[in-house]
Amino acid sequence: MTKLTKTPINVITSEMQELFDKHLGPGRFARTAYRLREQGSSTKPVGINVFTEDKLVGTVSLTELIIGGEHRCFLLGPLLIDENHRSKGLGLELIHDAIELAKTKDAAAVLLVGDVAYYEKAGFKQTRMGQINLPGPVDPGRLLMFEISNGAMDTIKGAAKAS
Ligand SMILES: CC(C)(COP(=O)(O)OP(=O)(O)OC[C@H]1O[C@@H](n2cnc3c(N)ncnc32)[C@H](O)[C@@H]1OP(=O)(O)O)[C@@H](O)C(=O)NCCC(=O)NCCS
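Nothing here was measured: the structure is a model prediction, and the numbers come from that model.

This brings us to the overall build of the chain. Helix and strand counts for the chain come out as five helices and nine strands. Along the three orthogonal principal directions, the C-alpha set of the chain runs to about 45 × 30 × 30 Å. Sequence separation of at least 24 residues holds for 70% of the intrachain contacts in the chain that already meet a minimum separation of 6.

Of all hydrophobic cores here, the largest spans 34 residues; its most connected members are Cys73, Ala98, Val110 and Leu111. Taken together, the elements giving at least two residues each to this core come down to helix 2 (32-39), strand 3 (56-67), strand 4 (71-81), helix 3 (90-104), strand 5 (109-113) and strand 8 (143-147). Considering every element that reaches this core, the biggest residue donor is helix 3, with six residues. Not counting residues within four places of it along the chain, the set of residues in contact with Leu111 comprises Cys73, Leu75, Ile132, Leu143, Leu144 and Met145.

Residues in contact with the ligand amount to 17 residues; listed here are only the nearest, Arg86, Gly91, Leu92, Asp115 and Tyr118. Every element with two or more residues in the shell around the ligand is listed here: strand 4, helix 3 and helix 4 (116-119). Take the shell around the ligand: its biggest share by element is five residues, from strand 4. Of the residues that constitute the shell around the ligand, the class distribution is eight nonpolar, six polar and three charged.

It is worth spelling out the environment of Ala160 at this point. Examined against the element boundaries, Ala160 turns out to sit in strand 9 (residues 158-162). Expressed as a C-alpha distance, the spacing of Ala160 and Arg35, which sit 125 residues apart in the sequence, is 11 Å. Look past the residues within four positions of Ala160 in its chain and what remains in contact with it is Leu36, Leu65, Ile67, Ile132, Asn133 and Leu134.

Before going further, it helps to spend a moment on helix 2. Inspection of helix 2 places Thr32, Ala33 and Leu36 among the buried residues, and these make up the whole buried set. Viewed along the axis of helix 2, the buried residues span an arc of 95°, placing them on a single side of the element. Considering only its buried residues, helix 2 is in contact with strand 3, strand 4, strand 5 and strand 9.

Rules behind the numbers
Residues numbered from 1 in each chain as written. Predicted model: local features only at pLDDT ≥ 70, side-chain atom pairs only at ≥ 80, totals over all residues. Helix = DSSP H or I, 4+ residues; strand = E, 2+ residues; numbered from the N terminus. Contact = placed C-beta atoms within 7 Å. Core = buried A, V, L, I, M, F, W, Y, C linked by C-beta atoms within 7 Å. Buried ≥ 20, exposed ≤ 12 C-beta atoms within 10 Å, placed from the backbone. Near = placed C-beta within 6 Å. Nonpolar A, V, L, I, M, F, W, Y, C, P; charged D, E, K, R; others polar. Arc of directions from axis to C-beta.

Geometric values such as these leave the question of function open.
Okay, here's the thing in structure tokens:
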């Protein structure tokens, strides 16, 4: 079995950009996470990369947000696993790692825009229509939340801004 090594993300490398280009294409720049990151004053990326001996095979990023002017949260994305390493649980493992990372940074919740059929396996739930406003077009049925602090799903609401 291939040995995998995880490293924290400190900077967006060219290898990460290549993975983003390959799987997400130029359309990614219109995505919510990119728009929020552009807004933010903090340019330091947060997340986790997974390597085989010399190749990046998975990556997950988090963008810090303030919602409703008071709730510190993280937006998860992009999450990408190389085709040759899919369906081995690595995607879910990275989601769990990202949640643990957000917990160490006193986040009340982790948000993402994605398919509930996949992310509910990691404990994400659909937010309510109009509960959270993100920049860019977001299908409300795809705006999902993982609660870290008790009752986050009820209390966190309002406009999201990168911090
Ligand atoms: C989505 C992705 C991260 C999953 O990575 P992974 O390591 O294969 O995930 P896991 O091994 O934890 O889970 C795989 C299972 O989830 C399922 N799954 C994957 N995407 C899914 C989706 N959008 N909806 C429902 N199920 C999904 C797979 O079919 C697979 O099912 P199986 O176990 O019965 O074969 C990977 O497919 C990927 O990088 N896709 C392209 C980019 C993308 O869509 N990223 C998410 C949005 S940022």
